[in-house]
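Structural features, examined
If you want the building blocks of each chain, they are given just below.
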Amino acid sequence: MKRMPWSTNQLKRLSRQIRDGGPAQPGVPTYRDVMLWYNDLAESVQSRIARLDWTPLLGNRSFEITSRPKTIDTLRQKLRREPSTPLPSVQDVAGVRFEAEMTLDEQDAVVTAIAGVFGHPEHECVRDLRDRPHSGYRAVHLWLRLDARVEVQVRTHLQGAWANMYEVAADVFGREIRYDELPRSPQDRDIVDALQKLSTSRVARIERNRNEIASLVLTLDELHEHSVTQEDYQSVRRRVELLRQQNLANEQKLRGDLDRLREVFRQESAPGGGS
């Protein structure tokens, strides 16, 4: 990966140009050239993460790793929201996303592995948004300092499904709902509030239950090796399996609800959809 060929001052001037919508200036790199460099950086981070052996953590479960630079519109919006933050200080110009079917404990382990491969102490780079969500958004982010800043988002499939639905909802209720702003209309405000609670209450509860059930299964297996009779073990195991099936049914219903909401908002945001 080549080092960034522009000075901090050049990127600050580009930041002002993008933010204010001004014309191109001599000595200022183009947005296209800068984003191509950030895209290469994001892809190199994606490649290093993909090369890790995830089998010990995730078994045969599939995972998705994607990367992208910010579009000029989203970058302009961010620079206008935070006018004192120049482009080199924007954490997520280069973004990488890791998403998998996993428990909360497994999500923590993935974060630990990624922080380790880049030599970053977790207490310095990890931003846990699961218990302190942002506009309903729950995930764990790693803020990496490499040749430039890179943000790695680590999400469970449920966290990703909610985020994808909410992204489409923002096309209907306004992009500001992603940044702790609610619509002016009381009816729309109630809808957005309910969408956020889907994540902070319903998704969070299902994920906590799934995590606790997985931990309980491990504990049972350890006890079975030492002090629990086969009859007692099988009795408790059947009860745990019943809890797992009930939680799985709740999760499948939630996935269906998120898919339906996403489709409704997609149709509503399409040209002529709201007429």
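As the structure is a prediction and not an experimental result, all values here were calculated from the model.

Rules used in this analysis
- Residues numbered from 1 in each chain as written.
- Predicted model: local features only at pLDDT ≥ 70, side-chain atom pairs only at ≥ 80, totals over all residues.
- Heavy atoms only, no water.
- Pairing = 2+ DSSP bridges.
- Helix = DSSP H or I, 4+ residues; strand = E, 2+ residues; numbered from the N terminus.
- Axes fitted to C-alpha atoms, helices over the stretch in contact; angles between N-to-C directions.
- Contact = heavy atoms within 4.5 Å.
- Buried < 20%, exposed > 50% of the residue type's maximum accessible area, 1.4 Å probe, protein only.
- Arc of directions from axis to C-beta.
- Core = buried A, V, L, I, M, F, W, Y, C linked by side-chain atoms within 4.5 Å.
- 1 Å grid on protein atoms, 1.4 Å probe; cavity = no way out; pocket = protein on both sides within 12 Å on 5 of 7 lines; lining within 4 Å.
- Points joined across faces, edges and corners; volume = space filled by probe spheres on them.
- Nonpolar A, V, L, I, M, F, W, Y, C, P; charged D, E, K, R; others polar.
- Parallel < 35°, antiparallel > 145°, perpendicular 65-115°, else oblique.
- Left-handed = near helix turned anticlockwise from the far one by under 90°.

Let's shift gears to the sheet that holds strand β4 (residues 140-145). Ordered by their spatial adjacency, 5 strands build an open sheet running β1-β2-β5-β4-β3, and the pairing between neighbours is mixed. With partners counted over all chains shown, the strands left at the sheet margins are β1 (63-69) and β3 (126-128), one partner each. Between one strand axis and the next, the sheet turns by 20° as a mean value, whatever way the strands run. Where β1 lies against strand β2 (residues 94-100), 7 bridges are found, and the strand directions are antiparallel. Within β2, the position partnered with Arg68 by the bridge is Gly95. In the packing of helix α2 (residues 31-50) onto the sheet, the strands contacted are β1, β2, β4 and β5 (149-156), and the crossing angle to β1 comes to about 165°. The sheet strands contacting helix α5 (residues 104-117) are β2, β3, β4 and β5, and the helix crosses β5 at an angle near 160°.

Attention now goes to helix α4 (residues 72-81). Looking only at α4, the buried set comprises Leu75, Lys78 and Leu79. Taken end-on, α4 shows its buried residues confined to a sector of 100°, consistent with a single buried face. Those residues of α4 that are buried are in contact with α1 (8-20) and α2.

Another aspect to go through is the nonpolar core. What tends to happen in soluble globular proteins is that the nonpolar side chains get buried as a cluster. One finds Tyr38, Ile49, Phe98, Ile114, Leu142, Val152 and Val154 to be the most contacted residues of the largest nonpolar core, which totals 39 residues. Of all the elements in the fold, those that place two or more residues in this core are α1, α2, α4, β2, α5, β4 and β5. If you tally residues by element for this core, the top one is α2, at 8 residues.

Our focus in this paragraph is empty space enclosed by the protein. The gaps left among the atoms become clear once a water-sized probe is rolled over them. For the coordinates displayed, the defined rule picks out 1 cavity of 30 Å³ or more. There is about 80 Å³ of room inside the largest cavity. Residue assignment for the lining of the largest cavity shows that the elements contributing at least two residues are α7 (157-173) and α8 (186-224). Top contributing element to the lining of the largest cavity by residue count: α8, with 3 residues. Considered class by class, the residues forming the lining of the largest cavity number 5 nonpolar, 3 polar and 4 charged.

On to the packing of α7 against helix α9 (residues 230-269), then. Contact pair α7 / α9: the axes reach a minimum separation of 8 Å and the direction vectors enclose 25°. Classified by the angle between their axes, α7 and α9 sit roughly parallel to one another. Our pair here, α7 against α9, has a crossing hand that is left-handed. Of α9, the residues touching α7 (which contributes His157, Leu158, Ala161, Trp162, Asn164, Met165, Val168, Ala169, Asp171, Val172 and Phe173) are Glu251, Leu254, Arg255, Leu258, Leu261, Arg262, Phe265, Arg266, Glu268 and Ser269. When grouped by side-chain class, the residues that make up the contact of α7 with α9 number 12 nonpolar, 3 polar and 6 charged.

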